[in-house]
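Below, each chain spelled out in residue letters.
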Amino acid sequence: MTAPVNLSQIAGRQIEIEIQLVGINAAGGQPLTLNEVATVPASELQLAAAAIARQKICPVSGKPLGSMGDPVAVDVNGQRVFVCCGGCVSAVKSDPAKYAAGRPQITVATSTAADAAAIAAQKVCPVMDEPLGGMGTPIKVTIGDKPIYLCCKGCIKKIQAEPAKYLAMVYGDQKGSAGARSDGAPASNPNITVTAATQADAAMIAQQKVCPVMDEPLGSMGDPIKVMVGDKPIFLCCKGCIKRIKADPAKYLAMVYGAGSTGSVPAGTEQVREGIFKVSAEDAPFIAAQKKCPVMDEPLDAMGGPYKVHAAGKAIYICCPGCAKKIAAEPQKWLAVLAQQGVSAPLIR
């Protein structure tokens with residue numbers, strides 16, 4: 001039996017299919033029902049578009065793919081690498097090993113007097129939104145052929161993790177500028193005070209270990225900074241991180257103390273399907289702490305989410321409704337997966 005249906009608009013997404021055969025009864029006299037979860041296959045064009053979206057930037061020039069017309073695919077040992085234009089093809093073919101990863105070469109150096117004009121034009125560090133030079137000699141990170149200047153060495157790993165994001169912030173892509181917030185979260189300021197850490201804080205510093213803003217070891221950039229958010233201390237690697245805590249304290253409380261310790265979330269009333277709820281503003285810090293769907297290991301907003309489901313009295317966030325069935329079947333398994341990732345799911349109230 002066949003039933004042709006055009007599913008091209010949801011290619012790559014997981015779907016749930018339920019078929020009931022009328023007139024054919026299962027054991028107990030109930031109508032025979034078949035359930036299946038499947039992923040809709042993508043076309044070649046859709047696969048290419050997804051690969052371009054993942055790669056984001058040209059490994060030769062460092063420019064965003066699509067900024068110079070349709071990206072060009074180059075075969076590198078059986079894998080496709082996309083470049084921004086035909087002019088970059090020869091560079092990939094002449095040194096395939098260098099460009100096989102599909103990422104631009106990133107080099108790090110201390111800036112020199114020759115960089116003064118570029119530093120003056122950039123003005124601020126795109127990671128910390130701090131004036132260049134305010135924390136010592138700026139660091140120069142070159143992505144492909146484009147330099148980005150940073151306020152301190154602690155910012156380097158952020159650039160290495162998301163070079164396209166910071167190239168866009170410094171050079172512009174369609175939106176954004178240096179120092180713009182990337183998460184769109186509104187400022188929410190409980191009582192926040194800032195002091196230098198003291199010897200009495202040593203045990204808490206040792207327990208926290210790293211700065212939640214920069215992911216740098218506490219003490220690696222001088223004496224840690226102590227920020228009190230209400231009655232909870234957060235320790236930072238340097239003063240440049242203070243404004244991030246002030247802008248989004250709930251996010252960083254969740255990162256340091258675990259989402260479950262900062263409160264609970266409402267059960268939810270607006271369902272997209274039975275047992276699958278739309279999220280609210282109160283879920284935002286817990287979504288920021290969880291980051292990825294435990295079932296698909298995809299960003300929570302990658303497939304239309306995030307959505308919220310209940311798991312043994314706690315909330316788990318998922319990327320699409322198709323993941324809910326697995327969590328409902330084994331809630332403790334997926335809570336354990338999150339725990340292994342350092343995520344404490346919030347209580348449902």
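Described in the following lines is the structure provided in the data block. Please read all numbers here as calculations on a predicted model, not as lab measurements.

### So, the pattern of salt bridges
Phase 1 of the analysis: For the coordinates displayed, the defined rule picks out 11 salt bridges.
Phase 2 of the analysis: Notably, a salt bridge pairs Glu 270 with Lys 278, separated by 3.2 Å at the nearest N-O pair.
Phase 3 of the analysis: Glu 270 sits in the partly exposed class, given a relative accessible area of 47%.
Phase 4 of the analysis: Across the salt bridge formed by Glu 330 and Lys 333, the nearest N and O atoms sit 3.9 Å from each other.

### Some points on the side chain of Gln 290
Phase 1 of the analysis: Topologically, Gln 290 is positioned in helix H10 (residues 284–290).
Phase 2 of the analysis: Contacts of Gln 290, omitting those with residues within four sequence positions, involve Leu 300, Ile 316, Tyr 317, Leu 338 and Val 343.

### Here's the deal with the environment of Ile 234
Phase 1 of the analysis: If you trace the backbone, Ile 234 turns up in strand E10 (residues 232–236).
Phase 2 of the analysis: Given a relative accessible area of 0%, Ile 234 falls into the buried group.
Phase 3 of the analysis: Sequence-wise, Ile 234 and Met 68 are 166 residues apart; in three dimensions their C-alpha atoms are separated by 44 Å.
Phase 4 of the analysis: Sequence-distant contacts of Ile 234, defined by excluding residues within four places in its chain, comprise Gln 208, Pro 212, Ile 225, Lys 226, Val 227, Val 229, Ile 245, Tyr 252, Leu 253, Val 256 and Tyr 257.

### Observations concerning the sheet that holds strand E6 (residues 139–143)
Phase 1 of the analysis: Overall, antiparallel pairing links the three strands, which are arranged E5-E6-E7 in an open sheet. Looking at strand neighbours, the two that pair on one side only are strand E5 (106–110) and strand E7 (146–150), the edges of this open sheet. Taken over all neighbouring pairs, the strand axes of this sheet differ in orientation by 25° on average, direction set aside.
Phase 2 of the analysis: With five bridges joining them, E5 and E6 adopt antiparallel strand pairing.

### Focus on the packing of aromatic side chains
Phase 1 of the analysis: Going through the model one piece at a time under the given rule, you end up with zero aromatic pairs.
Phase 2 of the analysis: Lying over the aromatic face of Tyr 171, Lys 146 brings its terminal NZ or CZ to 4.7 Å of the ring centre.

### Describing the environment of Gly 102
Phase 1 of the analysis: Residue placement: Gly 102 occurs in the loop between helix H3 (96–99) and E5.
Phase 2 of the analysis: Classification of Gly 102 by relative accessible area gives buried; the value is 4%.
Phase 3 of the analysis: Considered as a pair, Gly 102 and Tyr 171 are 69 residues apart in the sequence and their alpha carbons are 20 Å apart.
Phase 4 of the analysis: Once residues within four sequence positions are removed from consideration, Gly 102 is found in contact with Gln 55, Ile 57, Pro 59 and Val 81.

### A word on a nonpolar patch on the surface
Phase 1 of the analysis: Taken together, the side chains of Ile 17, Ile 19 and Leu 34 define a hydrophobic patch exposed on the protein surface, amounting to about 220 Å² of accessible area.
Phase 2 of the analysis: The topology assignment puts Ile 17 in strand E1 (residues 14–25).
Phase 3 of the analysis: Residue class for Ile 17 comes out partly exposed when judged on its relative accessible area of 35%.

### With respect to helix H1 (residues 44–55)
Phase 1 of the analysis: Spanning 12 residues, H1 covers 16 Å between terminal C-alpha atoms, matching the ideal 16 Å at 1.5 Å per step.
Phase 2 of the analysis: Along H1, the residues classified as buried are Ala 48, Ala 51 and Gln 55. Down the axis of H1, the buried side of the element spans an arc of 60°, and every buried residue falls inside it. Away from its buried face, by an angle of more than 90 degrees, H1 presents the exposed residues Leu 45 and Arg 54.
Phase 3 of the analysis: In the stretch just after H1, Lys 56 is the one whose phi turns positive, near 70°.

### Points about the nonpolar core
Phase 1 of the analysis: Grouped together as the largest cluster of nonpolar side chains are 41 residues, with contacts concentrated most on Leu 150 and Leu 236.
Phase 2 of the analysis: A per-element tally of this core places helix H6 (residues 163–171) first, with four residues.
Phase 3 of the analysis: Apart from residues lying up to four places away in sequence, Leu 150 is in contact with Cys 125, Pro 126, Val 127, Leu 132, Pro 138, Ile 139, Val 141, Cys 155, Ile 156 and Ile 159.
Phase 4 of the analysis: Judged by nonpolar contacts, the second largest core, of 26 residues, contains Cys 293, Tyr 307, Ile 318 and Cys 320.

### Some words on unusual backbone geometry
Phase 1 of the analysis: Pro 306 follows Gly 305 through a cis peptide bond whose omega is 5°.
Phase 2 of the analysis: One can find Pro 306 in the loop between H10 and strand E14 (307–311).
Phase 3 of the analysis: Although it is not a glycine, Lys 291 sits at a positive phi angle of roughly 70°.
Phase 4 of the analysis: Tracing the backbone shows Lys 291 in the loop between H10 and E14.
Phase 5 of the analysis: If you check the backbone angles, Ala 312 has positive phi at about 50° while not being a glycine.
Phase 6 of the analysis: Here Ala 312 is to be found in the loop between E14 and strand E15 (314–318).

Cut-offs used in this document
- Residues numbered from 1 in each chain as written.
- Predicted model: local features only at pLDDT ≥ 70, side-chain atom pairs only at ≥ 80, totals over all residues.
- Heavy atoms only, no water.
- Salt bridge = Lys/Arg side-chain N within 4 Å of Asp/Glu carboxyl O.
- Buried < 20%, exposed > 50% of the residue type's maximum accessible area, 1.4 Å probe, protein only.
- Helix = DSSP H or I, 4+ residues; strand = E, 2+ residues; numbered from the N terminus.
- Contact = heavy atoms within 4.5 Å.
- Pairing = 2+ DSSP bridges.
- Axes fitted to C-alpha atoms, helices over the stretch in contact; angles between N-to-C directions.
- Phe/Tyr/Trp six-rings, centres within 6.5 Å; stacked < 30°, edge-to-face > 60°.
- Lys NZ or Arg CZ within 6 Å of the ring centre and 35° of its normal.
- Patch = residues over 30% accessible without salt bridge, like charges linked within 9 Å, V, L, I, M, F, W, Y side chains within 5 Å.
- Areas by Shrake-Rupley, 256 points an atom, 1.4 Å probe, with all protein chains shown as cover.
- Expected span 1.5 Å × (residues − 1).
- Arc of directions from axis to C-beta.
- Core = buried A, V, L, I, M, F, W, Y, C linked by side-chain atoms within 4.5 Å.

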